[in-house]
Amino acid sequence: MKMIEAVIKPFKLDEVKDALVEIGVQGMTVSEVKGFGRQKGSKETYRGAEYTTDFIPKIKIEVYVADNQAARVIEAITRAAKTGTVGDGKIFVSDIANVVRIRTGEMGESAL
Amino acid sequence: MKMIEAVIKPFKLDEVKDALVEIGVQGMTVSEVKGFGRQKGSKETYRGAEYTTDFIPKIKIEVYVADNQAARVIEAITRAAKTGTVGDGKIFVSDIANVVRIRTGEMGESAL
Amino acid sequence: MKMIEAVIKPFKLDEVKDALVEIGVQGMTVSEVKGFGRQKGSKETYRGAEYTTDFIPKIKIEVYVADNQAARVIEAITRAAKTGTVGDGKIFVSDIANVVRIRTGEMGESAL
Amino acid sequence: MSSHMMSSMKKILPVLLICCTVMLVGGLAFNVQDVAAEDAAPAALKVDTGDTAWILASSALVMMMTLPGLALFYGGLTRQKNILSTVLHSFICLCLASIAWVLFGYSLSFGPDVGGFIGNFDWAGLRGIGADPHPVYGPTIPHEVFMMYQMMFAAITPALMTGAIAERIRFSSMLWFLGIWSVVVYYPVCHWIWGGGWLAQMGALDFAGGAVVHVSSATSALVACIMLGKRMGYPNTPMPPHNLPIMLLGAGLLWFGWFGFNAGSALGANGLAASAFVATHIAACVATVVWMLIEWMHRGKPTALGCATGAIAGLATITPAAGFVGLFGAIMIGLAAGIVCYICVSLLKPALGFDDSLDVVGVHGVGGALGLVGAGLFASKAINAAGNDGLFFGNPKLLMVQLIMIGAVAGFSMICTWIILKIIDVVMGLRVTQDEEQEGLDISQHGEKAYHV
Amino acid sequence: MSSHMMSSMKKILPVLLICCTVMLVGGLAFNVQDVAAEDAAPAALKVDTGDTAWILASSALVMMMTLPGLALFYGGLTRQKNILSTVLHSFICLCLASIAWVLFGYSLSFGPDVGGFIGNFDWAGLRGIGADPHPVYGPTIPHEVFMMYQMMFAAITPALMTGAIAERIRFSSMLWFLGIWSVVVYYPVCHWIWGGGWLAQMGALDFAGGAVVHVSSATSALVACIMLGKRMGYPNTPMPPHNLPIMLLGAGLLWFGWFGFNAGSALGANGLAASAFVATHIAACVATVVWMLIEWMHRGKPTALGCATGAIAGLATITPAAGFVGLFGAIMIGLAAGIVCYICVSLLKPALGFDDSLDVVGVHGVGGALGLVGAGLFASKAINAAGNDGLFFGNPKLLMVQLIMIGAVAGFSMICTWIILKIIDVVMGLRVTQDEEQEGLDISQHGEKAYHV
Amino acid sequence: MSSHMMSSMKKILPVLLICCTVMLVGGLAFNVQDVAAEDAAPAALKVDTGDTAWILASSALVMMMTLPGLALFYGGLTRQKNILSTVLHSFICLCLASIAWVLFGYSLSFGPDVGGFIGNFDWAGLRGIGADPHPVYGPTIPHEVFMMYQMMFAAITPALMTGAIAERIRFSSMLWFLGIWSVVVYYPVCHWIWGGGWLAQMGALDFAGGAVVHVSSATSALVACIMLGKRMGYPNTPMPPHNLPIMLLGAGLLWFGWFGFNAGSALGANGLAASAFVATHIAACVATVVWMLIEWMHRGKPTALGCATGAIAGLATITPAAGFVGLFGAIMIGLAAGIVCYICVSLLKPALGFDDSLDVVGVHGVGGALGLVGAGLFASKAINAAGNDGLFFGNPKLLMVQLIMIGAVAGFSMICTWIILKIIDVVMGLRVTQDEEQEGLDISQHGEKAYHV
Ligand SMILES: Nc1ncnc2c1ncn2[C@@H]1O[C@H](COP(=O)(O)OP(=O)(O)O)[C@@H](O)[C@H]1O
Ligand SMILES: Nc1ncnc2c1ncn2[C@@H]1O[C@H](COP(=O)(O)OP(=O)(O)O)[C@@H](O)[C@H]1O
Ligand SMILES: Nc1ncnc2c1ncn2[C@@H]1O[C@H](COP(=O)(O)OP(=O)(O)O)[C@@H](O)[C@H]1O
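Predicted model, so just to flag it, every value in this text is computed and none were measured. Every chain is numbered independently, its residues counted from 1 as its sequence is written. Chain letters and ligand numbers both follow the written order, the letters beginning at A and the numbers at 1. With the structure being a predicted model, the display of local features is reserved for residues of pLDDT at least 70 and the display and counting of side-chain atom pairs for 80 or more, all residues being used for whole-chain, interface and lining totals. Hydrogens and waters are ignored; side-chain quantities use all the structure's heavy atoms.

J.: Lay out the overall build of chain A in plain terms, naming residues and giving numbers.
T.: What counts as a helix is a DSSP run of H or I of at least four residues, what counts as a strand is a run of E of at least two, and both are numbered from the N terminus. On a plain count of helices and strands, chain A comes out with two helices and seven strands. Shown N-terminal to C-terminal, the secondary structure of chain A runs as helices and strands in the order β-α-β-β-β-β-α-β-β. By the compact-globule yardstick of 13 Å for 112 residues, chain A is too spread out, its C-alpha radius of gyration being 17 Å. Taken over 112 residues, chain A has a buried fraction of 59%. Radius of gyration: C-alpha atoms only; globule rule: 2.2 Å multiplied by the number of residues to the exponent 0.38. Any residue under 20% of the maximum accessible area for its type is buried, any over 50% is exposed, and the rest in between are partly exposed; the area is computed with a 1.4 Å probe on protein chains only.

What follows is the structure, encoded as structure tokens:
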């Protein structure tokens, strides 16, 4: 099985979620993160103290899927999260060894 | 070594923590996440605009353990986090290559 | 490629970021987490109800890098995040299979 | 019009019908009264605009104490999932109590006396309450101003109780409880002491509501929180206040409003108001500092929550005495408030083990009773000729009367509350389900969340 | 001095220059006036300190309604990325409107009449407005106090509109809009009704601003929000209020301030003030409870946002009638406010599809109009001899006049707003870019974020 | 009783003992005084209820400025880990200063003059301060009302300083500092100017506290923040305000309360109060708009924090002049406030490099001094016969006196503050440890966190 982590622009969350649901993904876990990268943050000013935040609000989506689904998930996220401007984010894919559903104790792909 | 990630119901955090401490786990890292899955969120109404949140508050626990401890950790989490109702959450297990303790520079299992 | 996750003390974030930028890291993702470990939290009192929080605010940094950069990144984080007192945190290293840059669709190391 | 709208309209129809009926029936009754008011008015006493200005301002201040003052003070102290529910308790209490007050509450509390126990219905619907002063209830302000000022007291008193049962009571049960309690407990107690009832006739002194407001509500709150049971997880799970700045804001607004509460009770802009104003402020300051010092010695650190609690304790404690004692009395009462309430909140409550969520009993109940005793000790005719001398000014009798008042009000309130809640429990249940409590009352009772990031 | 400072100084120079010019020109004009004020003052009427105290307090209360009251009420309802922008709208509106008021607004609104349509410039720069009372505008308070009290109304009225166009309007366009609107719409309408203009001459009754304040601003807001278009994503994306406790705080402060707004409109601390105070409070209470009950039946749960909305609806609705109706009238008006505004906000708006972000139209517009009708029905000379009898007291004519007033104010406001916004749109654009809206107005227009953890 | 309770009781015993001793000793002293008050009172002047009502309301407003106004204004500006500590500074300052005031502060400040420098102890414990007016300190209000009104000024003045030293001072050192400073600096300065001291005798004009309140506290704050040193990381680490809505709430409440501060200083509900009210409001409006415009030109965007800072600067600046200048003067003073304070806060402070955490010096110090100069320029006897004419009305002497006042108050305050802080530093240290600062004062000094999600 694969863990697919995607860092995306916050306002794209709903579109990405819909795209994933459409291809049959049934679960995902989302968190608020801050990203540092090519995209630069906005300038803020407080009583003359100006500064630019290096860290920009992003949303991280984690989806665990069966190996054969991974490609479709990556494609769906890429499509839905893309605006074409710097800061669209990245997708990271890694292998995972096992999954357990707490409620039932099921293991492996059937637990997803 | 293994990384064990568990997504659980927020009010179960203390019980899970206690269960882990009991079997000798000495460290864990916890974050607030939002989960999408079979469990459905509550309905909210604001001046007649009704909507159901798809994303439900969850807690993610990350525990890094030696390979031989993994099974016991999974068992402990499953036991403590279970309510038997939809949305109890999932446990994901993957391999990790190395661990470093920043304070001492120790590496590998002794750094856990 | 490697995923390097570091749990550090919050006020060390800027120093760590600078150290990483210095050695050429161009991106990272940061989140607020709570850590449980050897370090103990402060005592809080509310109208006579005293309690010690087991979970201490920490920052988690995720950096994805090419294999050959991993050692330097680990070294940089260790150096910058160290205070020498309990609770400095840990670095976890694991392998990842692939990276995609959403904006361009690039894959692998060039997407980092 | 969409079909959704159509079906919605249908659901609303019953309410419309009920409202229209009330309109028709009420219309006849009230129109008569409005006219009657004109005829019945006496014409001897003269309105003083300065006194009236101060009581108008005081009325506004006391209403502000309930919303947003108390609502946010309590709201900041709860857990995040229950703040809206807690705020709504005060909010709706203000509305229901005010409506009941003009319809019949004022008449039952302050209307012509029936056996020293309750007023009659002569003034129901504000019949005859107009621009002319009442000889006893403020001879220099319109009677309507006095009625309105008292309305705000009738609103905040039941609201105070909600702090003890927060985070677990069903919303509808709470509404019934507040409504019935006002009629069964507040109106009689208010009449006994301020409406010329038996305690007033005995010479009991309660300047701005130590017994009428604080003892009645807090002893009822004690009964209620015991009957309701502890919150899930209490006392093992930590339940720290979710937003102390909001709590501090509420405390500050309460203090601000309390000048209207206590100094307004002079019913004029005069020396007595000034004296009550100073006593109120100084007692609050002393109690705050004392609480801070004790906490510092006892727990190692002075806290913001401690200071705010001390301040409210000081304000509650000086309330019954504010217009009867001088500076020295005020300082002593503030001192006592800080020490005694600290012990009750911080040591006694945990030892006794009931779950008074936001410490209504230890702060308002103990404070109110303490202040009534304080009036019995430090009251002086030199400060307020209409008052009496206390023990330290050579009159031990007053203290006796004060103790009788505390006992009578506490006993009556507790028994009535027990009966009311038993009935409500049987009819509809008092407490939300475990799942609802887990999820939080905001979502489960009101379908809302306080904060969206 | 650093070189950065030097270059900064240069950027500031133009402002300094402009300011100095204003200073010199203004100086001559004003100094003359300040002296003139002394000469022109009539000396017959006597200031009553009690009445003055109450109107001073009321002025402070009404200013507090705009900032922080309305600012936070609206601010809590927006999404987190737009709260500062929303607060600033009210904040800056208060400042601009106040400055314009003393310079020429008061004169245009209340100054000597020109054809029943507008005042002239005789009182510009407060020439002749001093400590002596004006025979019509408060014979017992300094004329300057009346001017100042009215200033706070002139400030909150345009601020009310900002709720309908929040979360998407450009800040500079908003400033121009608020400024021009005050001159073109508010001053005339105010003059027609309160400054002795044609509607006043017809006998139209608007005690504290149902038409002057609520109908004028809300009908303008309707036009504005339609011209501006919907927020991106509305109505599909949920846009829940980001901080309901702050909204509730704002609502509570608005209620508190509304006593100054309505009871202050009696221009004295007297029986009329008391009557208006009671009517205001009771109407708000009734509307809150009614809204809560309807929502409970219709949606399944009573909400905090619903209760607050009901309260504001009740307050807006009673405003024009507060000083003319008795208790029964107030209850009926509160009832109507709860029912009708609920239908408009919760059913009509979604059905019609315009994006009035914070429901200015359904609450203030509908409420204000309803209250004017209510005055036409329930007004009684027994309550206020300077008023008139309504339909239910045998005088159908008043209702006609009230309807004419509503129509005239609404029509005039909407047409003028349409023209003003068209011009601003052509000259500078009304709306921020999509990216700016996405990012939020706080960052894009003001370079700030509300919260930093 | 649990054994834990027993041991706790023991810890509390010392406090109880101290309190009881105070009670006994104080009791004798005060009781005599309470009676003495009756005898000593003169009987000639008559209390006016309207004036009294306004000053009662003003006293409540000024108390509200400190808590919750200033407390939240400052609290919203700090980082999240320090908000409770910052709020507590104002909170406890209010309490300590009020207690000291009734015990001896009022007497030292306003009591019978000793050599033009300080009052004597005749009025300690409020001996002789009762319901009768004082011929100079408000001939139409009870003397006790004046005392109380002034108490609120004595409370907010030291609280203002806390903004400069926030986020790093030890709590106990802060308490000692505030306490000693009140006695050593505030009482004398207050006496010089308002208590009939040498500056008053020279004819110095300070209507509501430009020198007494703002210059004294801000120059002291400058010394204190330099002695204390910069916060760790300043100015490299960004330290944005953690909660701007709370800051805006505080600013709004301060503005609201400032009407009591300035218009209340007329000591009556009269034309002068009206004039001061208008001047206050307009200066604040002008300063806000000017600040916004400069910031817009200079930094590219107008900010909410900028507007709020401008408003407070305008309010601080008009304070000493509010009751002496006309509309034109108020506008000019508002203009100057916006421009000069902007330059000081935004350019001068960074250039000079001291760490005045919340900009007390640039806003209150500069503003206060500017306003005193403004009074020297624009004051006019036509506005206030009890005042004087300024430079622009042909009297250059007043400006000289104003400058002397600024110099004397600033010099005296700075020297005394330096000495006080040196002593405290030696005795107990001024600053928390690096670890404590890192962790935040809320946890390290008070064992609390402001927010729990
Ligand atoms: N090497 C990396 N490791 C971890 N996260 C990264 C890395 N590079 C980028 N990111 C995340 O991806 C986000 C977008 O990256 P950025 O460089 O701004 O734009 P783009 O994805 O268009 O190249 C960043 O904000 C950061 O959260
Ligand atoms: N495929 C998945 N990838 C990532 N997280 C998941 C996945 N499936 C479920 N989750 C997480 O687990 C939580 C619980 O899942 P849910 O389907 O609601 O109930 P259950 O675990 O009882 O089957 C979700 O809220 C989500 O956070
Ligand atoms: N086994 C573990 N799994 C996950 N996170 C851990 C583990 N051990 C430690 N951590 C994280 O590292 C942080 C620091 O650990 P701690 O034991 O307090 O100090 P140190 O790193 O100095 O040994 C913890 O707060 C926790 O977030």
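Read on for the rest.
J.: How would you explain the site of ligand 3 if you had to name every residue and give the values?
T.: Whether a residue is near a molecule or strand depends on its heavy atoms: if one lies within 4 Å, it is near. Near ligand 3 lie 21 residues; those nearest to it are Thr-29, Arg-101 and Arg-103 of chain B together with Arg-38 and Gly-87 of chain C. Positioned at a junction of chains, ligand 3 has nearby residues supplied by chains B and C. In protein, a polar contact requires one atom able to donate a hydrogen and another able to accept it; more generally it is a pair of N or O atoms within 3.5 Å, and residues adjacent in sequence count only if both atoms are side-chain atoms. Within the contact set of ligand 3, an oxygen atom lies 2.9 Å away from a side-chain nitrogen or oxygen of Arg-101 of chain B. Between ligand 3 and Gln-39 of chain C there is a distance of 3.0 Å, counted from an oxygen atom to a backbone nitrogen or oxygen. Alone, ligand 3 offers 540 Å² of accessible surface; in the complex the protein occludes 98% of this. Mapped onto the shell around ligand 3, the elements with two or more residues apiece are β2 (28–36) and β5 (56–65) of chain B together with β2 (28–36) and β6 (90–95) of chain C. Classification convention: Asp, Glu, Lys, Arg as charged; Ala, Val, Leu, Ile, Met, Phe, Trp, Tyr, Cys, Pro as nonpolar; all other residues, Gly among them, as polar. Along the lines of polarity and charge, the residues of the shell around ligand 3 split into seven nonpolar, seven polar and seven charged. Using a 1.4 Å probe, accessible areas were evaluated by the Shrake-Rupley method; residue-level cover was limited to the displayed protein chains.

J.: Give me the nonpolar core: which residues, what numbers.
T.: Here, nonpolar core means buried Ala, Val, Leu, Ile, Met, Phe, Trp, Tyr and Cys residues that are tied together by side-chain atoms lying within 4.5 Å of each other. Within the largest apolar cluster, 532 residues are counted, with the highest numbers of intra-cluster contacts made by Trp-54 and Trp-255 of chain D, Trp-54 and Trp-255 of chain E together with Trp-54 and Trp-255 of chain F. Whether two residues are in contact is decided by their heavy atoms, any of which lying within 4.5 Å being enough. In contact with Trp-255 of chain E, other than residues within four places in its own chain, are Met-63, Leu-67, Phe-91, Leu-94 and Cys-95 of chain D together with His-281, Ala-284, Cys-285, Thr-288, Ala-311 and Leu-315 of chain E.

J.: Which residues make up the packing of aromatic side chains, and what values go with them?
T.: Each Phe, Tyr or Trp ring, with Trp reduced to its six-membered ring, pairs with another whose centre is within 6.5 Å; inter-plane angles below 30 degrees give stacked pairs, above 60 give edge-to-face pairs, and intermediate values give tilted ones. Summed over all chains, the structure comprises 96 aromatic pairs over all chains. For the ring pair Phe-378 of chain E and Phe-392 of chain E, a centre distance of 5.1 Å and an interplane angle of 85° mean the geometry is edge-to-face. Taken as a pair, Phe-378 of chain E in helix α12 (residues 360–378) and Phe-392 of chain E in the loop between α12 and α13 (396–428) lie far apart in primary sequence, 14 residues in all. Grouped by ring-pair contacts, the aromatic residues Trp-101, Phe-104, Tyr-106, Phe-110, Trp-123, Tyr-137, Phe-146, Tyr-186 and Tyr-187 of chain D constitute a single cluster. Placement of a charge over a ring requires the Lys NZ or Arg CZ to be within 6 Å of the ring centre, with the centre-to-atom vector within 35 degrees of the ring normal. The aromatic ring of Phe-36 of chain B is capped on one face by Lys-40 of chain B, whose charged end is 5.2 Å from the ring centroid.

J.: Kindly report on the interface of chain E and chain B, identifying the contributing residues and their values.
T.: Taken together, the contacts link 14 residues of chain E with seven residues of chain B. Summed over both partners, buried area is the accessible surface (1.4 Å probe) that two parts give up on being assembled. Carbon and sulfur atoms make up 56% of the surface buried where chain E meets chain B, a total of about 960 Å² over both sides. A salt bridge links Arg-47 of chain B to Asp-359 of chain E, with the shortest nitrogen-to-oxygen separation between them at 3.2 Å. Where the side of chain E that touches chain B is concerned, the elements lending two or more residues are α2 (49–77), α10 (304–318) and α11 (327–352) of chain E. Grouping the amino acids of the side of chain E that touches chain B by side-chain chemistry returns nine nonpolar, three polar and two charged. Salt bridge, as applied in this entry: a Lys or Arg side-chain nitrogen positioned within 4 Å of an Asp or Glu carboxyl oxygen.

J.: Quick rundown of the packing of α2 of chain E against helix α8 (residues 244–262) of chain E? Include the residues and the values.
T.: Residues and elements named next belong to chain E. Fitting a line to C-alpha atoms yields each axis, with helices limited to the stretch in contact; the angle taken between N-to-C directions then spans 0 to 180 degrees. Close contact between α2 and α8 brings their axes to 7 Å; oriented N to C, the two are set at 160°. If you check the angle between α2 and α8, you find them roughly antiparallel. For the element pair α2 and α8, the recorded crossing hand is left-handed. Here the residues of the contact of α2 with α8 sort into 20 nonpolar, six polar and no charged. Orientation categories follow fixed angle ranges, with anything under 35 degrees roughly parallel, anything over 145 roughly antiparallel, 65 to 115 roughly perpendicular, and all other angles oblique. Handedness of a crossing follows from how the near helix is turned relative to the far one, being left-handed for an anticlockwise turn of less than a right angle and right-handed for a clockwise one.

J.: Help me get a handle on the packing of helix α8 (residues 244–263) of chain D against helix α9 (residues 271–299) of chain D, residues and values and all.
T.: Residues and elements named next belong to chain D. The N-to-C vectors of α8 and α9 enclose an angle of 140°; their axes lie 9 Å apart at closest approach. In terms of axis orientation, α8 runs oblique to α9. Every pair of crossing elements has a handedness; the one defined by α8 and α9 is right-handed. On α9, the residues that touch Trp-255, Trp-258, Phe-259, Asn-262 and Ala-263 of α8 are Ala-273, Ala-276, Phe-277, Thr-280, His-281, Ala-284, Cys-285 and Thr-288. Here the residues of the contact of α8 with α9 sort into nine nonpolar, four polar and no charged.

J.: So, the interface of chain D and chain E: which residues are in play, and what are the values?
T.: The interface is formed by 72 residues belonging to chain D together with 61 residues belonging to chain E. Counting the surface lost from both chain D and chain E, the interface buries some 5,400 Å², and carbon and sulfur atoms represent 82% of this. In this assembly, chain D and chain E are joined by zero salt bridges. If you look at where chain D meets chain E, you find 10 residue pairs in polar contact (both at pLDDT 80 or more). Of all the secondary-structure elements, those providing two or more residues to the side of chain D that touches chain E are α1 (3–40), α2 (49–77), α3 (83–110), α4 (143–161), α5 (171–194), α8 and α15 (441–446) of chain D.

J.: Could you give an account of the site of ligand 1, with specific residues and numbers?
T.: In the region of ligand 1, 21 residues are neighbours, and Arg-38 and Gly-87 of chain A together with Thr-29, Arg-101 and Arg-103 of chain C sit closest. At the site occupied by ligand 1, the surrounding residues belong to chains A and C. At 2.7 Å from an oxygen atom of ligand 1 is found a main-chain nitrogen or oxygen belonging to Arg-38 of chain A. Within the side chain of Thr-29 of chain C, a nitrogen or oxygen atom sits 2.7 Å from an oxygen atom of ligand 1. Coverage of ligand 1 by the protein chains reaches 99% of its 540 Å² of free accessible surface. Sorting the residues of the shell around ligand 1 by element identifies β2 (28–36) and β6 (90–95) of chain A together with β2 and β5 (56–65) of chain C as the ones contributing at least two each. Its residues assigned to classes, the shell around ligand 1 comprises seven nonpolar, seven polar and seven charged.

J.: So what's going on with helix α9 (residues 271–299) of chain E? Which residues, and what values?
T.: All names here are of chain E. By this rule the span expected of a helix is its residue count minus one, scaled by 1.5 Å. The first and last C-alpha atoms of α9 sit 41 Å apart over 29 residues, in line with the 42 Å expected at 1.5 Å per residue. α9 sits mainly inside the fold: 25 of its 29 residues count as buried. You can read the cap of α9 off the contacts: a side-chain oxygen lies 3.2 Å from the backbone nitrogen of Leu-272, and it is on Asn-270. A positive phi of about 100° marks Gly-300, the residue just after α9.

J.: Please provide a residue-by-residue account of the environment of Gly-365 of chain E, values included.
T.: Residue and element names in this part refer to chain E. Tracing the sequence through the fold places Gly-365 in helix α12. With a relative accessible area of 13%, Gly-365 lands in the buried category. Separated by 214 residues in the primary sequence, Gly-365 and Met-151 place their C-alpha atoms 21 Å from one another. Residue contacts for Gly-365: discarding those within four places in its chain leaves His-214, Val-215, Ala-218 and Val-360.

J.: Residues and numbers for empty space enclosed by the protein, please.
T.: Only protein atoms enter the 1 Å grid used here. Points where a 1.4 Å probe fits but cannot escape make up a cavity, open sets with protein on both sides within 12 Å along at least five of seven lines make up a pocket, and a residue lines them when an atom lies within 4 Å of a point. Grid points are joined across faces, edges and corners, and a volume is the space filled by probe spheres set on the points. Taken as a whole, this structure holds 10 cavities of 30 Å³ or more when the rule is applied. Along the walls of the largest cavity sit 14 residues, with Ala-57 of chain D, Ala-57 and Leu-61 of chain E together with Ala-57 and Leu-61 of chain F positioned nearest its centre. Those elements giving two or more residues to the lining of the largest cavity turn out to be α2 of chain D, α2 of chain E together with α2 (49–77) of chain F. Among the residues forming the lining of the largest cavity, the class breakdown is 14 nonpolar, no polar and no charged.

J.: Talk me through the relation of the copies chain D and chain E; I want residue IDs and the actual numbers.
T.: For this overlay, a least-squares fit was computed on C-alpha atoms, restricted to residues scoring pLDDT of at least 70 in both copies. Mapping chain D onto chain E leaves a residual RMSD of 0.0 Å; the transformation is a rotation of 120° accompanied by 0.0 Å of translation along its axis. As the rotation angle and translation indicate, the two copies are arranged about a three-fold axis. The rotation axis passes nearest to the C-alpha of Gly-50 of chain D in chain D, at a distance of 2.1 Å.

J.: So, the confidence of the model for chain D: which residues are in play, and what are the values?
T.: Note on scores: pLDDT gives the predictor's confidence for each residue, bounded by 0 and 100. Considering every residue of chain D, the mean pLDDT works out to 93; 90% of them sit at 70 or more. Here residues 23–42 of chain D is a poorly scored stretch, pLDDT under 50, and it has 23 contacts once near neighbours within four places are set aside; other chains count.

J.: Break down the side chain of Thr-219 of chain F for me, citing the residues and quoting the values.
T.: All names here are of chain F. Along the chain, the position of Thr-219 falls in helix α7 (residues 210–228). Of the residues examined, Thr-219 reaches a relative accessible area of 14% and is grouped as buried. In this structure the side chain of Thr-219 is engaged in a polar contact, spanning 3.4 Å, whose partner is the backbone oxygen of Ser-216.

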